[in-house]
Amino acid sequence: MDATSAPVPAATGTRPESGDHARAPKFGITVTIIAFCISLLGLLWGTVITNQRAEREAAIGNAMKRTSNLARAFEEHTVSLLRETDQLLRFVDFQYIAQGAALDLPQLAAEASVDARIYNQVSIIGENGDLLMSARDFRPLNISGSETFKAHAGQNTGRLFITKPLKARTTGQWSLFFSRRVNKPDGSFAGIVSAGVDPAYFSRFYADLDLGQRGVVTLVGRDDAIVRARRSGGDATVGQDLQKASLFTRLRASPSGSYLTESAVIDGVPRIYSYRALKDYPLVVTVGVATDEALAAFHKRSRDHYLAAALASLVILGFTAYLLMLVSRRQRTEETLRRQNIELAGASETNTRLATIVQTSGDAIISCTPGGIVLSWNAGAKKMLGYTAAEMIGRNVSVIAPPDRQHETQHHVWLLQHGKSVPPFETIRIAGDGRPVDVQMSMSASFDAAGEIAQIAYIFRDITERKRNEAERKQLAAIVESSRDAIVSVARDGTILTWNPGAEHLFGHTAAEAVGRNISSLGLIPDDRRDEFGKTRTLALAGQKTEAFETERLAKDGHRILVSISSSPLRDSNGNIAGVASIYHDITERKRAEQTRAQLAAIVEGSNDAIIGRALDGTIVSWNAAAERLLGWKADEVIGQPIATILLTEHRDRPASDNERLLCDETITPSEIRRVTKDGRVVDVLSSVSAVRDANGKVIGAAMIMHDIGDLKRAQRELQRKADLARLIESLARAAN
């Protein structure tokens, strides 16, 4: 037996057929049943829907036949009245021509039995438009400006003229006026004879019809589309404009017909209409029934048919479900048998695959007895912990646990024995060479028939690298947090992701104020630096690291800050560029120091005194122009040379003693001393020495300032010589006396 459990021998005999082949016939039966059910339902509903469509068309056709017959009757009713009215007007015209002003029109109307229910006025208008006589309540009136008068006065058509509905000024009653022209014997215009008809008389025809609650009859002008009379239910109206109705489109194609509309122009009710244009008059009659009322019987039959079809569908579906249940039971029985055969045949293959997985896994996989004796040890365990399978099988697994971790295994075994699960946890194990290994440890148990633990499996995953990366990230985070430089990361869209304390100190914005905002809106970038910012950001997002450059940024209070900026791409875990990381170093003090040094250098270079800098070891490090003039050497000749070059022999130990005093922070009093020039001359100078310190205040050299006092010394010597000569002369004079 090797390090892992021995594979189970493969079963002999023929392998059961694959699941696809085994299930194919059963799957075909199921599909056949479902297909038959769908076909039956499709046939049922197809038949029902087809029949319903045919019945609906038939119902609409019947409604159109009915409205067409009613429209013909309405037409006859209307034409009869128009002809009667025309005869009345012709009779009045004849009597007026015969009797003239002597005509008694009220008496004539009474004798002619003019029906007051129909005619609310019969009148004669003179050639000037004045009302000459009336069958009722005569009142002076002139209608020369009316459409009716102008139509008759302008042309003798010989035809009956029909007005739009007009409201009487006195009674407020609507009327339709029918008129004819009255001619003189010579055929010239003599006036008009007119009769007013109540529009409601036309629509009273509605009362004799059974059109439902929302049926409608309408008399409308063919030329102007104005309603002369309309009744729907109990409402009688006149004067509406039907210019937008589809009726007039259909009139251009045929003088009569039927049609279905989804929304009537006046009240929006869907209706089935029939219309007829009056042959000798500019009028159209329409009769309509509401679509839902006309199809009410059809809709009731339709609901009954659909209900019957739904019940039949439920029966079909129930029978189909029953068949499928029987097939499913049979399939489950066969599937159970098939799986058992496959499981028996595949046990060996499964064991072999599991053994291969265990042996090839990169994780350490170990199996042990409940007491911790190692039963198997895979290649991953050997690679991770350094022990071979031969070294570990039979030993206790506790040998790889550090002394302070021995309790972990015991506790977790106790949990498994009591039916508890052990979630993965991080710990440390000791490799064969003594090095600690960070691992993530998982434990699981397998039980025997009695419910007791038979084996315990340990899986160790090496997380050393992950721990190292986490430590590095923490260290980097600590560096960023503690850095005095501002370190800022920005996403590709400009949103600030991180803002360290250095950034808070440098710019004045807190992290809470900055993180989540767009860097352009924070006010960091001066207007004259936006192009520079854009170019740098573009380079970083393209994957290029930019070298540090000096520029300016704005603090929260608006003052400018001199900074040195270096930017680099910010990448995510997949290596894709997710943004830009930038480091801002405050160089304000450095720039100020550089400016100060430049000013001091200018002062040194412009000074008339020789200023020489030397290191503590005596090496000359600086030499100004005045030193060149005083001592004769050029700077490049003496820089790097010992200071002893310009000292007299007796003064060679002077720099060392000066160093001791400078290192003790003593002040060296200026003194007169002599120095040697390049050409060997000796010059008198007033020399002062001071310490040169580095940024930390440490003495690193000395600065020597030498003022030329040669002229002063010569003048003093001349004065001394003259004083000595005067004393000599004075002495000689006293001696002579």
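Note that the structure is predicted; figures quoted are calculated from it, not measured.

Undergrad: Would you mind going over the side chain of Asn 120 with me for this structure?
TA: Among the structural elements, Asn 120 can be located in strand S1 (residues 119–126). Within the local environment of Asn 120, its side chain forms a polar contact with the side chain of Ser 175, the two groups lying 2.9 Å apart. If near-sequence neighbours (up to four positions away) are discounted, Asn 120 is found in contact with Arg 136, Gln 173, Trp 174, Ser 175, Gly 196, Val 197 and Asp 198.

Undergrad: Looking at this model, I keep getting lost on the packing of aromatic side chains. Mind explaining?
TA: Two numbers describe a pair of aromatic rings. These are the distance of the centres and the angle of the planes. All told, the structure shown has 8 aromatic pairs when counted by the stated rule. Plain terms: the ring middles of Tyr 259 and Tyr 273 are 5.4 Å apart, the flat faces sit at 25° to each other, and that makes the pair stacked. One end of the pair, Tyr 259, is in strand S10 (residues 256–261); the other, Tyr 273, is in strand S11 (residues 271–277), and 14 residues separate them in sequence. Classification of Tyr 273 by relative accessible area gives buried; the value is 9%. An aromatic cluster of at least three residues, connected via ring pairs, comprises Tyr 259, Tyr 273 and Tyr 275.

Undergrad: Where do I start with the nonpolar core in this structure?
TA: One broad rule of soluble globular proteins: the nonpolar side chains tend to lie buried together. Counting residues in each nonpolar core, the largest one holds 47 residues, and the members touching the most others are Val 92, Leu 105, Ile 124, Phe 178 and Phe 202. Taken together, the elements giving at least two residues each to this core come down to helix H1 (19–99), helix H2 (105–111), S1, strand S5 (174–183), strand S6 (189–197), strand S7 (216–221) and strand S12 (283–290). If you tally residues by element for this core, the top one is H1, at 13 residues. Not counting residues within four places of it along the chain, the set of residues in contact with Phe 202 comprises Phe 74, His 77, Thr 78, Leu 81, Leu 176, Phe 178, Val 197, Leu 219 and Ala 229. Grouped together as the second largest cluster of nonpolar side chains are 27 residues, Val 437, Met 441, Ile 453 and Phe 460 included.

Undergrad: Which parts of the structure should I look at to understand the pattern of salt bridges?
TA: Side-chain pairs of opposite charge can arise whenever the charged atoms involved come near each other. Applying the stated criterion across every chain yields a total of 44 salt bridges. Across the pair Arg 90 and Asp 86 runs a salt bridge, and its minimum N-O distance is 3.6 Å. Placement of both Arg 90 and Asp 86 in helix H1 is noted, with a separation of 4 residues, approximately one turn of the helix. Overall, the relative accessible area of 47% leaves Arg 90 in the partly exposed class. Overall, the relative accessible area of 11% leaves Asp 86 in the buried class. Among the salt bridges present, the one from Arg 654 reaches Asp 658, with a minimum N-O distance of 3.9 Å.

Undergrad: Quick question: what am I supposed to make of the side chain of Asp 363 here?
TA: Tracing the chain through its elements places Asp 363 in the loop between helix H7 (296–360) and strand S13 (364–368). By relative accessible area, which is 14% here, Asp 363 ends up buried. Of note is the side chain of Asp 363, whose polar atom sits 2.8 Å from the side chain of Arg 461. Those residues in contact with Asp 363 that sit more than four places away from it in its chain are Asn 378, Gly 380, Ala 381, Met 384, Ile 459, Phe 460 and Arg 461.

Parameters at a glance
Residues numbered from 1 in each chain as written. Predicted model: local features only at pLDDT ≥ 70, side-chain atom pairs only at ≥ 80, totals over all residues. Heavy atoms only, no water. Helix = DSSP H or I, 4+ residues; strand = E, 2+ residues; numbered from the N terminus. Polar contact = N/O pair within 3.5 Å; in protein donor to acceptor, adjacent residues only side chain to side chain. Contact = heavy atoms within 4.5 Å. Phe/Tyr/Trp six-rings, centres within 6.5 Å; stacked < 30°, edge-to-face > 60°. Buried < 20%, exposed > 50% of the residue type's maximum accessible area, 1.4 Å probe, protein only. Core = buried A, V, L, I, M, F, W, Y, C linked by side-chain atoms within 4.5 Å. Salt bridge = Lys/Arg side-chain N within 4 Å of Asp/Glu carboxyl O.

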